[in-house]
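Spelled out from the first residue to the last, the chains are:
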Number of protein chains: 2
Amino acid sequence: MGNDARIGANAFAGSEPDQDGHGDPDDLRGSWSDAHADFLSSLSEEETAGLLKIARRVELKPRGQLFRAGDRSNDVFIVADGCIRLFQVSSTGKETILWFSFPGEIFGIAELWSGSDREIYAEANEATRVYSIRRSDFAEFLGTHPEVSMRAIGILSARVRTLGHAMVGLATDNVETRIARLLLRFAAVSSVRPCDDTGDGAEHELCVNVRLTHQDVANLIGASRQTVTSTLTVLRKRGTLRAVNQHFHIIQPERLRRALELGAA
Amino acid sequence: MGNDARIGANAFAGSEPDQDGHGDPDDLRGSWSDAHADFLSSLSEEETAGLLKIARRVELKPRGQLFRAGDRSNDVFIVADGCIRLFQVSSTGKETILWFSFPGEIFGIAELWSGSDREIYAEANEATRVYSIRRSDFAEFLGTHPEVSMRAIGILSARVRTLGHAMVGLATDNVETRIARLLLRFAAVSSVRPCDDTGDGAEHELCVNVRLTHQDVANLIGASRQTVTSTLTVLRKRGTLRAVNQHFHIIQPERLRRALELGAA
DNA sequence: CAAGATTTGTCGGCTGGCCGACATAGGGGG
DNA sequence: CCCCCTATGTCGGCCAGCCGACAAATCTTG
């Protein structure tokens, strides 16, 4: 079953040559409940094929917009590769990033049911390919594949839990804690793609494999850009983080994790 | 269909004499997406009967605990009457209330899929009756009732959206705004039961029909108890709120709503 | 109905993090 | 290769909201 999953993902992601070998360590599976649950991987080969048939390919440049608040919700999307930023904008112009969707993840389902307008924005965080499925087609697919409905429920559940955690953090933790937690979460979730950093003794490090500006981090944890900058500097000086290419590595994941468990569970 | 819904809810709520006449105004249906979507009302008579058959009745005293973080997630619950508070506790002992579940609403589904342990606490906010359905039974029920699966998806979606709103608010709004928004939300959602206040010209007022201590409000919006107290006092002095029995009335809902739309959408 | 427990109300001191303002530093396109 | 636009880093002033500490009011329960 775990193998079917891989095949499913491959079928969808298409013609990646390096695809077979992205060895995400199994221990990350443990944090599953925190991830937004790779939808594609959970499907069987036939199911994936069925979805492929009704999907339409969409290519997005970096910063390309997929939909915005107020749009009619006509489609459900699945990330093939790249990554999509989902955010809301308050009337003061402040963005709040709700989550990122990584390869295999589905998004736009929350609007599926009510058929109401979008309430959030979806933008490509980098060059990204997504598959677009018409709402009605997807609904029909769910109707004829009860198993898949269950998966959808599972995914939405995971998202509810993630948002719950985020809320608790926002309400009780200080900025440093929130950043630490965020990085750990993203490390787990962004491990779907391999890190390009050929280890210089970096085997025990945890890679946060997403390009995140300080502003992004700020919008994710509800803090100001400046505070994020200075907090990250502190963490780097303290030897917790290391900047690699365009992203971060967490030097001693275990130490950080333990610190968080003590500081706030 | 709207009528079937009512019947369904009645069948479940059981032997309430005053049940038929709880005339919730139709205009509140508009804020559907914000509510946690009355699960029972959305079921047909047969579906409700089917659920009843596999459900077990549970009675809870005020403050009675239904489950706690760490418990095995063996059941899914539906509120018959009363109301349930769902919250998380950080290691510092601070509670964060995620949401309240009102009659007809289902909760505990988020844990259903992963079968993992509970991450949250569920307590009765007052004397409450809930129906408890074994996880496996409910999963089977969903499998044999695709329609109901879709409803479940809709409900989880609504919850995702609600949490999203809450997060944005937490990240961008000040305490006064958050309280105002909370009260409007609860007014909509708590209108499932009638207000006991026989109007003394209170027809245009909006009733927030839940017993909420200031501490509860604080835990809901991520603020301190003291700040909530003083903010509520300000709102009362300004003529926005009125205390009735154990709950609040919003004097001029429209005015408040407009103020919020301007202040932060 | 009295006593304990919970909730509400109020004050002042303190501070984490916001905001504005600026100086660099990259880095991608022409 | 240079220019411009975006991202990073740093500083100081300022204030919303936190916290501790109490008193009054209200509710619950024997």
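Scroll up a little and you will see the structure.
Basis of the calculations
- Residues numbered from 1 in each chain as written.
- Chains lettered and ligands numbered in written order.
- Predicted model: local features only at pLDDT ≥ 70, side-chain atom pairs only at ≥ 80, totals over all residues.
- Heavy atoms only, no water.
- Buried < 20%, exposed > 50% of the residue type's maximum accessible area, 1.4 Å probe, protein only.
- Helix = DSSP H or I, 4+ residues; strand = E, 2+ residues; numbered from the N terminus.
- Pairing = 2+ DSSP bridges.
- Contact = heavy atoms within 4.5 Å.
- Disulfide = S-S within 2.5 Å.
- Axes fitted to C-alpha atoms, helices over the stretch in contact; angles between N-to-C directions.

**Remarks on the pairing of strand β5 (residues 95–101) of chain A**
Argument step 1. The buried fraction of β5(A) amounts to 6 of the 7 residues, a majority that puts the element mostly inside the structure.
Argument step 2. Where strand β4 (residues 84–89) of chain A folds back on β5(A), the antiparallel hairpin that results is connected by 5 residues, among which G93(A) adopts a positive phi of roughly 90°.

**Quick word on the side chain of T231(B)**
Argument step 1. By secondary structure assignment, the location of T231(B) is in helix α7 (residues 225–237).
Argument step 2. Those residues in contact with T231(B), other than ones at most four positions away along the chain, are V175(B), E176(B) and I179(B).

**A word on the state of the cysteines**
Residues and elements named next belong to chain A.
Argument step 1. Scanning all chains against the criterion turns up 0 disulfides over all chains.
Argument step 2. Take C83: it sits in no disulfide, and the sulfur closest to it among the cysteines is that of C207, at 13 Å.
Argument step 3. Residue classification places C83 among the buried residues on the basis of a relative accessible area of 0%.

**Remarks on the environment of L183(B)**
Residue and element names in this part refer to chain B.
Argument step 1. Within the element layout of this structure, L183 appears in helix α5 (residues 175–189).
Argument step 2. For the pair L183 and H249, spaced 66 residues apart in sequence, the C-alpha separation works out to 9.1 Å.
Argument step 3. If we ignore the near neighbours within four places in the chain, the residues touching L183 are V208, L241 and I250.

**Let's talk about the sheet that holds strand β1 (residues 55–60) of chain A**
Residue and element names in this part refer to chain A.
Argument step 1. Read from one edge of the open sheet, 4 strands run β1-β8-β3-β6, paired in antiparallel fashion. The open sheet has two edge strands with one neighbour each: β1 and β6 (106–107).
Argument step 2. Here 2 bridges tie strand β3 (residues 75–81) to β6, and the two strands are oriented antiparallel to one another. Opposite I78, over in β6, you have I106 as the bridge partner.
Argument step 3. Helix α2 (residues 45–54) rests against β1, β3 and β8 (128–134) of the sheet, and its axis sits at about 70° to β1.

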